[in-house]
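Fold and contact review
One letter stands for each residue in the lines below.
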Amino acid sequence: MDRIWGQACAELEQSVGPNNYNHWIKPLRLTAIDDGAARFASPTRFISDWVNRHFAKEIMAVLTRNGAPVERLRFDVGAVAAARPAAQAAAPAGHAPEAPTARAPRADLGAPLDPRYTFSNFVVGKPNELAHAAARRVAEGGPVGFNPLFLYGGVGLGKTHLMHAIAHDYQTRHPAAQVLYLSAEQFMYRFVQALRESSIMDFKSMFRNVNMLMVDDVQFIAGKDSTQEEFFHTFNALVDQGKQIVISADRAPAEIKGLEERIKSRLSCGLIVDLHPTTYELRLGILQSKTEVFRAQQPDLEIGAGVLEFLAHRISTNVRVLEGALQRLFAHASLLRREITLEVAQECLADILRTNDRKISIDDIQRKVAEHYNIRLADMMGPKRARNVARPRQIAMYLSKQLTSRSLPEIGRRFGGRDHTTIMHGVRKIEELLAEDSSLVEDVAVLKRMLEG
């Protein structure tokens, strides 16, 4: 029995992949094969149900190929941590079985990690150096001094890259540790699924027995009362156990509408790090790094002078778009055997360049103005009328009208639900002051340069 299941597991690991194998199939123990049915001991009903739905056909086929004809699977749900799985007993040479632990095996409820997202290929610059340093510290393990680590910023600034890098590095340093990375949407989906299947205790056990929980885009649970309730209790349980939590969002906790105050409070207890929009120097560094990687694969690649500098200047809002544009140029050069000149880049990327010409968001404007005048971002939406807050708010309104295509009512909504007439008043006030205040003219010019890259 052990020999058959050991051989079957070796094949299953290849066919379903290491992640699926380790988190779904490895926790099972084959106990009997009788009358065409393979019987397994499973630690939880959640795991057995998932395996039966997603991997039953492959398991039956592999067992049949290994001399044990099987037509159906049966599961006995109960603790199996005390017994060593047959797959470990028959582990091939060079693959030492993992030491059993007292924790119940965890199902892979999360998302797979992208092997490209590591610290080694994360380009560090002034806008992201604090986030990078904090992520490195968390990845080392041990006492950190802050929990959770909360990363926030706009799209394509490196939040997801850093989270994957933390998980990769932490797992390399602590192979026996359990790291769970998933999006807030996946957390909600798994929670609803557990409610529907009456397996909420399995859900709680799996999420609360990890060494590190990582939740991406937490703003998506805003307004979902039941999901927020479970997230709150999961968060507290892990913090009480000294387990590390890493969260990302598109804005700071205090600015996420629909998020319960008690969750905002918990999230604010750790280290909150803003990934600022990229600078020209950082974007150029990213492009140079990606070009070196591609040149290693294609040594005859030729890029004309000024191409990377041109891209770094013109595509300034989203690193993913920037990397995608460079990849398109690489493909163009490889397929057509042409040098990437400035003219070729302009022709090949015409659609991206047009899109990015006016791709400045109100969020970008509010964040940049708040930084420039050293006020809280929340004050942009708040009721304060003090001059040191009201004037920067009006400048942000003015720039939102000048640099975006948003309507006055929409701009008003983004400034705390203000009426469009308030926005008109703020815009006109700044226009009047620009005609007589040279220091304001300089401030607005600096802000425009920063926003336009």
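Residues numbered from 1 in each chain as written. Predicted model: local features only at pLDDT ≥ 70, side-chain atom pairs only at ≥ 80, totals over all residues. Heavy atoms only, no water.

Where an unreviewed UniProt entry is consulted, the chain appears under the name Chromosomal replication initiator protein DnaA, with the organism given as Paracoccus aestuarii. In the Subunit (unreviewed entry) part of its UniProt record, the chain is described as follows: "Oligomerizes as a right-handed, spiral filament on DNA at oriC." Under the UniProt heading Sequence similarities (unreviewed entry), the entry covering the chain gives this text: "Belongs to the DnaA family." (UniProt positions renumbered as here; feature names shortened; annotations may be inferred.)

**Examining the packing of aromatic side chains**
Going through the model one piece at a time under the given rule, you end up with 10 aromatic pairs. Taken together, a centroid distance of 5.6 Å and an interplanar angle of 65° make the contact between Phe187 and Phe203 edge-to-face. With Phe187 in helix 8 (residues 184-196) and Phe203 in helix 9 (residues 200-207), this residue pair connects regions lying 16 residues apart in the sequence. For the residue pair Phe187 and Phe203, the accessibility class agrees, reading buried in each case. Summarising the aromatic geometry, the rings of Phe231 and Phe235 are spaced 6.2 Å apart at their centres and angled 45° between planes, so their arrangement reads as tilted. Of the two residues, Phe231 and Phe235 are both situated in helix 10 (residues 225-240); the distance of four residues between them amounts to about one turn of the helix. Overall, the relative accessible area of 3% leaves Phe231 in the buried class. Residue Phe235 is classed as buried on the basis of its relative accessible area, which comes to 4%. Three or more aromatic residues link up through ring pairs in this structure, and these residues are Phe187, Phe191, Phe203, Phe207, Phe231 and Phe235. (Phe/Tyr/Trp six-rings, centres within 6.5 Å; stacked < 30°, edge-to-face > 60°. Helix = DSSP H or I, 4+ residues; strand = E, 2+ residues; numbered from the N terminus. Buried < 20%, exposed > 50% of the residue type's maximum accessible area, 1.4 Å probe, protein only.)

**Structural notes on the packing of helix 17 (residues 362-373) against helix 19 (residues 387-403)**
Relative to each other, helix 17 and helix 19 sit at 145°, their axes nearing to 9 Å. The two elements helix 17 and helix 19 cross, and the hand of that crossing is right-handed. Contacts between helix 17 and helix 19 pair Ile362, Ile365, Val369 and Tyr373 from the former with Pro392, Ile395, Ala396, Leu399, Ser400 and Leu403 from the latter. Looking at the contact of helix 17 with helix 19 residue by residue, the class counts come to nine nonpolar, one polar and no charged. (Axes fitted to C-alpha atoms, helices over the stretch in contact; angles between N-to-C directions. Left-handed = near helix turned anticlockwise from the far one by under 90°. Contact = heavy atoms within 4.5 Å. Nonpolar A, V, L, I, M, F, W, Y, C, P; charged D, E, K, R; others polar.)

**As for the sheet that holds strand 3 (residues 72-77)**
What the three strands build is an open sheet, ordered 1-2-3; its pairing is mixed. Of all the strands in the sheet, just strand 1 (29-34) and strand 3 have a single pairing partner and so form its edges. For this sheet the average axis-to-axis angle between neighbouring strands, irrespective of direction, equals 25°. Each of strand 1, strand 2 (37-42) and strand 3 is contacted by helix 4 (residues 56-65), which is oriented at about 110° to strand 3, the strand it contacts most. (Pairing = 2+ DSSP bridges.)

**Some thoughts on the UniProt feature "domain: Chromosomal replication initiator DnaA C-terminal" (unreviewed entry) in the chain**
UniProt records the feature "domain: Chromosomal replication initiator DnaA C-terminal" (unreviewed entry) for residues 361-430 in the present numbering. Within residues 361-430, the helical portion is 73% and the strand portion 0%, while the C-alpha atoms at the span's ends are 19 Å from each other.

**Details of helix 4**
Among the residues making up helix 4, those that are buried are Ala56, Ile59, Met60, Val62 and Leu63. Buried residues of helix 4, seen end-on, are gathered within an arc of 165° and therefore sit on one face of the element. With respect to the buried face of helix 4, the exposed residues turned more than 90 degrees away are Lys57 and Arg65. Phi for Gly67, located one or two positions after helix 4, is positive at around 90°. (Arc of directions from axis to C-beta.)

**Some thoughts on the UniProt feature "binding site: ATP" (unreviewed entry) in the chain**
Summarizing the sequence annotation, UniProt attributes the feature "binding site: ATP" (unreviewed entry) to Gly156, Gly158, Lys159 and Thr160 in the numbering used throughout. With respect to the helices and strands, the residue Gly156 is situated in the loop between strand 4 (149-152) and helix 7 (159-173). Those residues within four positions of Gly156 in sequence are excluded, and the remaining contacts are Asn318, Val319 and Arg320. Within the secondary structure layout, Thr160 lies in helix 7. Residue classification places Thr160 among the buried residues on the basis of a relative accessible area of 16%. Every residue in contact with Thr160, bar those within four places of it in the chain, is listed here: Tyr117, Tyr181, Asp216 and Arg320.

**Details of the confidence of the model for the chain**
On average, residues of the chain score 82 in pLDDT, and 91% of them reach the 70 mark or higher. The low-confidence segment residues 79-108, where pLDDT is below 50, has 50 contacts with residues more than four positions distant or belonging to other chains. (pLDDT = per-residue confidence, 0-100.)

**Thoughts on the nonpolar core**
Ranked by internal contacts, the top residues of the largest apolar core, which has 28 residues, are Phe150, Leu213, Val215, Val218, Phe231 and Ile247. Beyond its immediate sequence surroundings of up to four residues, Ile247 is in contact with Pro148, Leu149, Phe150, Leu151, Met163, Val215, Val218, Phe231 and Leu267. (Core = buried A, V, L, I, M, F, W, Y, C linked by side-chain atoms within 4.5 Å.)

**Looking at the sheet that holds strand 5 (residues 179-183)**
A sheet is described by the order of its strands in space; here five strands give the open sequence 5-6-7-4-8, paired in parallel fashion. Strands with a single pairing partner mark the edges of an open sheet, and in this sheet they are strand 5 and strand 8 (271-274). Taking the axes of each pair of neighbouring strands and ignoring which way they run, one obtains an average angle of 15° across the sheet. Along the sheet face, helix 10 touches strand 6 (212-216) and strand 7 (244-249) and points at about 140° away from the line of strand 7.

**Considering the side chain of Glu255**
Residue position: Glu255 is located in the loop between strand 7 and helix 11 (261-267). The buried charged residue Glu255 lacks any salt bridge partner; its closest oppositely charged side chain belongs to Arg367, at an N-O distance of 5.6 Å. Apart from the residues within four sequence positions on either side, Glu255 is in contact with Leu377 and Ala378. (Lys, Arg positive; Asp, Glu negative; His and termini not counted. Salt bridge = Lys/Arg side-chain N within 4 Å of Asp/Glu carboxyl O.)

**Regarding helix 12 (residues 280-297)**
The terminal C-alpha atoms of helix 12 lie 26 Å apart, and with 18 residues this matches the ideal 26 Å at 1.5 Å per residue to within 8%. Among the residues of helix 12, those classed as buried are Leu282, Arg283, Leu284, Ile286, Leu287, Thr291 and Phe294. Looking at the packing, one finds that the buried side of helix 12 touches helix 13 (307-314) and helix 14 (319-336). (Expected span 1.5 Å × (residues − 1).)

**Topic: the pattern of salt bridges**
Applying the stated criterion across every chain, the model contains 21 salt bridges. Glu11 is the partner of Arg65 in a salt bridge, and the nearest nitrogen-oxygen pair spans 3.1 Å. You can see Arg65 sitting in helix 4 and its partner Glu11 sitting in helix 1 (residues 2-16), a full 54 residues away along the chain. A relative accessible area of 29% places Glu11 in the partly exposed class. Between Arg328 and Asp351 there is a salt bridge, and its shortest N-O distance comes to 2.9 Å.

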